[in-house]
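As a plain string of letters, each chain reads:
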Amino acid sequence: LVLGSLAALCAAILGVRMFGRRPLPGKLLPTGTFEHEDPANSKDIAERHRDFCRIATGKRDLYVFSSTSRETGKVLPVELPAGMAADSDRAQAEKVCYQKLKFWLQMELGNIPGAVDLGMTSSWSIVDRVLNFIAVAPTFDFVMRHKVPPMILQAKYLLMVSKTGQVRVAWFAYVTDKPQAGATAGPFVVKLLSEDLKSSAREDRTHSTFTYTAKTGGGDDMEKYVSKHLAKIMKGIDHDDWSALEKV
């Protein structure tokens, strides 16, 4: 029995050495692409607005990066009027959140010559494209499509405006292959990075495209994990070179 146990242990150690780290969960590959359709009906649109407002008013999980916002942890500036609550005054709160997002994009893009005609932003599709991603549905769709257990931990969203006016969003989260009650982190990190949501190519489609990476490890603090890659984020902001961030 002892010999059998030792043999099994040796085989396990040999297997780790031969085949590397723990296999990724579900059908995830180390790198890949992902497409997600825009919401097509009023119910789905309302769900995205509700999720975005909840995330934005949480003031914890939506980081903004631009030529003037160059540190991890700076969140989208959303303040609800005194006496208004995101839960009890949901419809009004969602309108405020939408306008705050729109105002931030106007401010950032308005400072870039030729990036936007502010007179044409009363109805502005880029706001909807950003908002549509900063919600539960796209990322839940991603994990389910790849057969990953839907236990998403410490999700962080990034909203990024480059010096030339590109607008991209990203999502980082821990996932697991073995859900456990009370878990706060997982053994794997997944990341989604969008195309330029302001590009003319995106104007002609009803879906956004993303690249993704999936890796083992990543510690147990997602803010620290994102902070570790700040230089790669700023390389995209400053030079429209997103290749380093794509590989994270």
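What comes next concerns the included structure. (Residues numbered from 1 in each chain as written. Predicted model: local features only at pLDDT ≥ 70, side-chain atom pairs only at ≥ 80, totals over all residues. Heavy atoms only, no water.)

**Description of a nonpolar patch on the surface**
Together, Val136, Phe140 and Met144 give the surface a local cluster of nonpolar side chains, amounting to about 240 Å² of exposed area. With respect to the secondary-structure elements, methionine 144 resides in helix 5 (residues 136-145). Assessed through its relative accessible area of 37%, methionine 144 is described here as partly exposed. (Patch = residues over 30% accessible without salt bridge, like charges linked within 9 Å, V, L, I, M, F, W, Y side chains within 5 Å. Areas by Shrake-Rupley, 256 points an atom, 1.4 Å probe, with all protein chains shown as cover. Salt bridge = Lys/Arg side-chain N within 4 Å of Asp/Glu carboxyl O. Helix = DSSP H or I, 4+ residues; strand = E, 2+ residues; numbered from the N terminus. Buried < 20%, exposed > 50% of the residue type's maximum accessible area, 1.4 Å probe, protein only.)

**Details of helix 2 (residues 42-57)**
Here helix 2 is 16 residues long and its end C-alpha atoms lie 22 Å apart, about the 22 Å a rise of 1.5 Å per residue gives. Buried residues of helix 2: Arg48, His49, Asp51, Phe52, Cys53, Ile55 and Ala56, and no others. Elements that come into contact with the buried residues of helix 2 comprise strand 1 (31-37), strand 2 (62-65), helix 3 (90-110), helix 4 (125-133), helix 5 and strand 3 (153-161). Of the residues that open helix 2, the one with a side-chain oxygen 3.2 Å from the backbone nitrogen of lysine 43 is asparagine 41. Positioned one or two residues after helix 2, lysine 59 has a phi angle of 55 degrees, which is positive. (Expected span 1.5 Å × (residues − 1). Contact = heavy atoms within 4.5 Å. Polar contact = N/O pair within 3.5 Å; in protein donor to acceptor, adjacent residues only side chain to side chain.)

**Focus: the nonpolar core**
Of all hydrophobic cores here, the largest spans 45 residues; its most connected members are Val130 and Trp171. Counting residues per element, this core draws most heavily on helix 3, which supplies seven residues. Once residues within four sequence positions are removed from consideration, tryptophan 171 is found in contact with Phe133, Thr139, Phe142, Val143, Ile152, Ala155, Lys156, Tyr157, Val190, Lys191 and Leu192. Ranked by size, the runner-up nonpolar core spans 20 residues in total, among them Phe172, Val189, Met222 and Leu245. (Core = buried A, V, L, I, M, F, W, Y, C linked by side-chain atoms within 4.5 Å.)

**Digging into the packing of aromatic side chains**
With the rule as written, the count across this model stands at seven aromatic pairs. Taken together, a centroid distance of 5.2 Å and an interplanar angle of 80 degrees make the contact between phenylalanine 34 and phenylalanine 142 edge-to-face. One end of the pair, phenylalanine 34, is in strand 1; the other, phenylalanine 142, is in helix 5, and 108 residues separate them in sequence. Neither residue differs from the other here; phenylalanine 34 and phenylalanine 142 are each classed as buried. Seen in terms of ring centroids, phenylalanine 142 and tyrosine 212 are 5.1 Å apart; in terms of plane orientation they differ by 70 degrees. Their pairing is edge-to-face. Note that phenylalanine 142 is positioned in helix 5 and tyrosine 212 in strand 6 (residues 207-216), a separation of 70 residues in sequence. With a relative accessible area of 0%, phenylalanine 142 lands in the buried category. (Phe/Tyr/Trp six-rings, centres within 6.5 Å; stacked < 30°, edge-to-face > 60°.)

**Here's the deal with empty space enclosed by the protein**
Under the defined criterion, the tally for this structure stands at one cavity of 30 Å³ or more. A volume near 80 Å³ is recorded for the largest cavity. Along the wall of the largest cavity there are 13 residues; nearest its centre are Asp38, Arg129, Asn132, Phe133 and Ser208. Mapped by element, the contributors of at least two residues to the lining of the largest cavity are strand 1, helix 4 and strand 6. With three residues, helix 4 is the single largest residue contributor to the lining of the largest cavity. A breakdown of the residues in the lining of the largest cavity according to their chemical character gives five nonpolar, three polar and five charged. (1 Å grid on protein atoms, 1.4 Å probe; cavity = no way out; pocket = protein on both sides within 12 Å on 5 of 7 lines; lining within 4 Å. Points joined across faces, edges and corners; volume = space filled by probe spheres on them. Nonpolar A, V, L, I, M, F, W, Y, C, P; charged D, E, K, R; others polar.)

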